[in-house]
Amino acid sequence: MKYKYKELAERVDLKNYFKYCIGVYNPNDKGPVVIRIKFTGWACTYVTKNSIHHTQSIPKGIEKEVNIDGEIIFCIVHIKVYDTDELKFLLGRFRNYAERLN
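The model shown is predicted, which means the values in this text are computed figures rather than measured ones.

Points about the side chain of Lys38
Its place among the elements puts Lys38 in strand β1 (residues 33–40). For Lys38, a relative accessible area of 17% gives the class buried. Not counting chain neighbours up to four residues away, the residues in contact with Lys38 comprise Glu65, Phe74, Cys75, Ile76, Tyr97, Ala98, Glu99 and Leu101.

Examining the sheet that holds β1
Pairing is antiparallel in the open sheet, where four strands are placed in the order β2-β3-β1-β4. Strand pairing shows two members of the sheet lacking a second neighbour, β2 (63–67) and β4 (98–100), which therefore form its edges. Here the strands of the sheet are splayed against their neighbours by 35° on average, with no regard to which way each runs. In terms of strand pairing, β1 meets strand β3 (residues 70–81) through eight bridges, oriented antiparallel. When the sheet's bridge partners are listed, Ile37 is paired in β3 with Val77.

The rules behind these values
Residues numbered from 1 in each chain as written. Predicted model: local features only at pLDDT ≥ 70, side-chain atom pairs only at ≥ 80, totals over all residues. Heavy atoms only, no water. Helix = DSSP H or I, 4+ residues; strand = E, 2+ residues; numbered from the N terminus. Buried < 20%, exposed > 50% of the residue type's maximum accessible area, 1.4 Å probe, protein only. Contact = heavy atoms within 4.5 Å. Pairing = 2+ DSSP bridges. Axes fitted to C-alpha atoms, helices over the stretch in contact; angles between N-to-C directions.

Quick look at the structure:
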């Protein structure tokens, strides 16, 4: 199999192909969406220091809420990605410390 790398890279827009991917899957049939995720406790601290995606923003920073167990820190993270199973797997590592809001 022969191909011209430069031509292939331009045809598939390789520079932007993975821009909104989590992992390597690009669905191509739907565009990226802004996902809002609420992280609490240790997960909030983790995502404020280690970005989960290069599009990540935390508009309000770390916030606090009071519930029956006392004061809990949380943050709302916005990322613009393709809504794929890789996103579910990524959030799964945070267990009940991550809640997808949309």
